[in-house]
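One letter stands for each residue in the lines below.
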Amino acid sequence: MPAAERTVQISGSTVIVRPTAEAASQVAADAIAEIIHAAVNERGKAVLGLATGATPEVVYAKLVAKHEAGGLSFQKVVTYNLDEYYPIQPLDPRSYRAYMHRLLFSRVDLPANQAHLLDGTVPEAFAPEHAAQFDRWIEADGGLDLQLLGIGRNGHIGFNEPSDASVADFAAAPTRLVELHPVTKGDAVREFGAHENVISHALTMGVKSILSARAVVMLATGPRKAAIVAQALRGPVASTVPASLLQTIAERVVWILDEPAAAELGA
Ligand code: PGA
């Protein structure tokens, strides 16, 4: 049996394993706070790419706790979220805008015009322009100091779903409107109650902006993620497993896993 708490190197990336999702989330929150402090000290601001879904919920609770304890300000933080359903109203409780407001934005001192999400209400004809603008905003902010990621059971990062594109083309994918993969739609039944209610499209940050981040924290917890985590870390780099492209920037990526998610790594 591997030790419960360990840090190993796999395919050039640091992989931190903790016994529980709670402990893994604490490691992620500590890493994010450290990156915020370092970036603010060095450049006067920290630019964060944020993720939604079930996995990072505890991370946000821990960041709020750090803020409330007086140890973490978001005054000089700028955030860009990975994705948003399309179309969706911002006040719809299932929107990622609402999720972020609930879990983080309303609970810390982040200025409203520094918290950016893709807009689920843009007219469809202007979605490409809106998506391209999002990438320009990130670039104008000097790029992401950190991208927080989760992994879908099909290996997606953001809503960059498995693709037949070449690795080079997929790595250059811009922010855009996409159709969700059947596995993603199946998993979204949790949020939407029934299959027919699941919103089938989304705006997602592209693989290009994700891979350009100066640091990536990938958090995966629970046994449902074990197989895809092993595939993304140990398998070939392939667009059919989007998270495997993180191997191309391995030295900038830290995987933080709980024991169940690490179960198939053999490390
Ligand atoms: P989850 O989603 O945290 O809800 O499992 C992860 C993802 O799809 O990126």
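Treat the numbers as computed from the prediction; the structure is a model and nothing was measured.

*Asks:* Hey, could you run me through the side chain of K62 in this one?
*Replies:* Among the structural elements, K62 can be located in helix α2 (residues 57-68). Within the structure, the side chain of K62 is placed 3.1 Å from the side chain of Q26, a separation counted as a polar contact. What K62 contacts, discounting residues up to four positions off in sequence, is E22, S25, Q26 and A29.

*Asks:* What is the right way to read the sheet that holds strand β8 (residues 176-179) from this model?
*Replies:* Strand pairing within a sheet occurs via backbone hydrogen bonds; the two strands may be parallel or antiparallel. Here 3 strands make up an open sheet; going across it, the order is β5-β9-β8 and the pairing antiparallel. The strands lining the two open edges of the sheet, one partner per strand, are β5 (83-86) and β8. Between one strand and the next, the sheet's axes are offset by a mean angle of 30 degrees, whatever the strand orientation. Here 4 bridges tie β5 to strand β9 (residues 201-204), and the two strands are oriented antiparallel to one another. Within β9, the residue paired with Y85 across the bridge is A202.

*Asks:* How do you make sense of the pairing of strand β10 (residues 216-220) when you look at a structure like this?
*Replies:* Where a strand is regular, its side chains alternate between the two sheet faces. Burial runs high along β10: 5 of the 5 residues are buried. On β10, burial covers both faces: V216, M218 and A220 on one face and V217 and L219 on the other are all buried. Here strand β7 (residues 146-149) runs beside β10; their pairing, made up of 3 bridges, is parallel. Looking at β10, one finds that L148 is bridged to V217. Relative to strand β11 (residues 253-258), β10 runs parallel, the two sharing 5 bridges. By the bridge assignment for β11, V216 is matched with V253. Between the parallel pair β10 and β11, the chain is carried across by helix α8 (residues 226-234), and the sense of this crossover is right-handed.

Rules behind the numbers
Residues numbered from 1 in each chain as written. Predicted model: local features only at pLDDT ≥ 70, side-chain atom pairs only at ≥ 80, totals over all residues. Heavy atoms only, no water. Helix = DSSP H or I, 4+ residues; strand = E, 2+ residues; numbered from the N terminus. Polar contact = N/O pair within 3.5 Å; in protein donor to acceptor, adjacent residues only side chain to side chain. Contact = heavy atoms within 4.5 Å. Pairing = 2+ DSSP bridges. Axes fitted to C-alpha atoms, helices over the stretch in contact; angles between N-to-C directions. Buried < 20%, exposed > 50% of the residue type's maximum accessible area, 1.4 Å probe, protein only. Right-handed = clockwise from strand over helix to strand, strands pointing away.

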